[in-house]
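# Close look at the chain arrangement
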Amino acid sequence: MLIRHQSDLRPSEITSRQSYLSRRQWMAGAGAAFLTAVTAGGGAKASALGTIAKTAYTIDEKQTSLEDVTHYNNFYEYGTDKEQPAKLAPGLLKPRPWTVRISGECKTTASVDVDDLIRTSTLEERVYRHRCVEAWSMVIPWVGVPLAPLLQRFEPTSKAKFVAFETLSDVAQMPGERSSLIYPWPYREGLRIDEAMHPLAFLAVGLYGEALPAQNGAPIRLVVPWKYGFKSIKSIVAIRFVEQVPPTLWNALAPEEYGFYSNVNPTVDHPRWSQAKERRIGEFLRRPTLMFNGYGEQVAGLYAGMDLKKFF
Ligand SMILES: Nc1nc2c(c(=O)[nH]1)N[C@H]1C(S)=C(S)[C@@H](COP(=O)(O)O)O[C@H]1N2
Ligand SMILES: [Mo]
């Protein structure tokens, strides 16, 4: 059983940043990769994120190094090369102050300040597999909040069948948005409401115990671990409850290549490459891709009765 349920979490596991770090540093004695990650992440210095609850819904697999997680990125607002986001985003993106506008088919609309959200939430660490549609993968220790309780606060109406997400639209902070002849900016994504309410759907405000780096989608991004990485939209400024399937950037560009659902599925190939295997960043041999990225036990019920080859 890879995933622990919330009820398995004892209050004693809700640790302060200080004891969280010292435990990790103690564990680092067993592996140099851990030590590198923790010290590169700032060692014992106080985190802007404050208290972090330990590992609910977490997998026990070797974590991808902080260096790879923060220097091999897809963030087309900073260019199409993997190295560009780390070079450009930290100098251009202004992640504070930052608000997320929540509106649409719900009883109350609001602008949520990201720092208020962090202050008033119990932050959790979630170590998730991350599988890009390009057939590479990582294991990333995110820090953040589950999406469902935030959405429920605004009391979606019975017309709220989908949830639409939107990235910041600002060419000064995101120069890649200038090439608007090809890409229909801003970046948009969406989920069915029951997918958005699933306990695995997560909003990350950090990784490796520190505030989210710009290149990973600061200050707040979606993480949907059973879907291809492009569903996990970065630097979110708007969340809308909507009645119809919301338009998304990749689906609008190439609907036969990037379906709305885009659940990780080794049996449905991308038209231009196989999805049967993947390259785990940092490993030499390719490994088999897992149905729903290994989260089938948790999410398969969302798709009961659907033909998973048709609804890709
Ligand atoms: N706004 C925005 N969100 C985005 C992307 C993007 O280009 N722009 N790329 C997606 C893709 S294809 C992947 S694989 C992940 C990469 O997240 P990471 O760089 O934090 O690993 O972000 C997703 N979210
Ligand atoms: Mo991706």
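Residues numbered from 1 in each chain as written. Chains lettered and ligands numbered in written order. Predicted model: local features only at pLDDT ≥ 70, side-chain atom pairs only at ≥ 80, totals over all residues. Heavy atoms only, no water.

## Brief notes about the pattern of salt bridges
To keep things clear, this is the line we draw: A carboxyl oxygen of Asp or Glu within 4 Å of a side-chain nitrogen of Lys or Arg is what we treat as a salt bridge. Every helix listed is a DSSP run of H or I at least four residues long, and every strand listed is a run of E at least two residues long, numbered separately from the N terminus. Under the scheme applied here, a residue whose accessible area is under 20% of the maximum for its type counts as buried, over 50% as exposed, and between as partly exposed, the area being computed with a 1.4 Å probe on protein chains only.
In total, this model carries 16 salt bridges according to the counting rule given. Arginine 240 is the partner of glutamate 166 in a salt bridge, and the nearest nitrogen-oxygen pair spans 3.3 Å. Highlighted residues: glutamate 166 in strand 7 (residues 162–167) and arginine 240 in strand 12 (residues 236–242), separated in sequence by 74 residues. Residue classification places glutamate 166 among the buried positions, given a relative accessible area of 14%.

## Topic: the sheet that holds strand 7
Selection criterion: A pair of strands is considered paired only if DSSP assigns at least 2 bridges between the two. Lines fitted to the C-alpha atoms define the axes, with helices restricted to the stretch that makes contact. Angles between their N-to-C directions range from 0 to 180 degrees.
Spatially, 4-3-12-7-8 is the arrangement adopted by the five strands of the open sheet, whose pairing is mixed. Here the strands that pair on one side only, and so sit at the sheet edges, are strand 4 (110–113) and strand 8 (188–192). Across the sheet, the axes of successive neighbouring strands diverge by a mean angle of 20 degrees, strand direction being ignored. As judged from the four bridges shared by strand 3 (residues 99–104) and strand 4, these two strands associate in the antiparallel manner.

## Details of the environment of glycine 79
Here glycine 79 shows up in the loop between helix 3 (66–71) and helix 4 (84–92). Each C-alpha atom of the pair glycine 79 and alanine 89 lies 10.0 Å from the other, and the pair is ten residues apart in sequence.

## Here's the deal with a nonpolar patch on the surface
To be explicit about the condition: Like-charged residues are merged into a patch within 9 Å and nonpolar side chains (Val, Leu, Ile, Met, Phe, Trp, Tyr) within 5 Å, provided each residue has over 30% relative accessible area and no salt bridge. Using the Shrake-Rupley algorithm and a 1.4 Å probe, accessible areas are obtained, with residue cover drawn only from the displayed protein chains.
A surface patch of nonpolar side chains, amounting to about 350 Å² of accessible area, comprises Leu181, Ile182 and Leu253. Its location among the elements puts leucine 253 in helix 8 (residues 249–253). Leucine 253 gets classed as partly exposed once you look at its relative accessible area, which sits at 32%.

## Some words on the site of ligand 1
To keep it simple, the criterion reads: We call a residue near a molecule or strand as soon as one heavy atom of that residue lies within 4 Å of the molecule or strand. Counted as a polar contact is a pair of N or O atoms within 3.5 Å, where, for protein atoms, one must be capable of donating a hydrogen and the other of accepting one, and residues adjacent in sequence contribute only when both atoms are in side chains.
Ligand 1 sits among 16 residues. The nearest are Asn73, Tyr76, Glu77, Ser232 and Lys234. Taking arginine 221, its side chain carries an N or O atom lying 3.0 Å from an oxygen atom of ligand 1. Lysine 234 is positioned with one of its side-chain polar atoms (N or O) 2.7 Å from an oxygen atom of ligand 1. Relative to its unbound accessible area of 540 Å², ligand 1 is 98% covered by the protein chains.

## Digging into the side chain of glutamate 257
The criterion, for reference: Should any heavy atoms of two residues lie within 4.5 Å, those residues are counted as being in contact.
The topology assignment puts glutamate 257 in the loop between helix 8 and strand 13 (277–280). There is a polar contact of 3.2 Å between the side chain of glutamate 257 and the side chain of histidine 270. Apart from the residues within four sequence positions on either side, glutamate 257 is in contact with His270, Pro271, Arg272 and Phe312.

## Digging into the pairing of strand 4
Burial along strand 4 is one-sided: Ala110 and Val112 are buried, and none of Ser111 and Asp113, which face the opposite way, are. Where strand 3 folds back onto strand 4 in an antiparallel hairpin, the turn is made up of five residues.

## Description of the confidence of the model for the chain
As a reminder of what qualifies: pLDDT measures the predictor's confidence residue by residue and takes values from 0 up to 100.
In this model, the chain carries a mean pLDDT of 86, and residues with pLDDT of at least 70 account for 83%. Within the chain, helix 2 (residues 32–40) has the poorest average pLDDT of any element, 27, and strand 11 (residues 221–223) the best, 99. Confidence drops under pLDDT 50 across residues 1–46; counting only partners more than four residues distant or on other chains, this segment forms 66 contacts.

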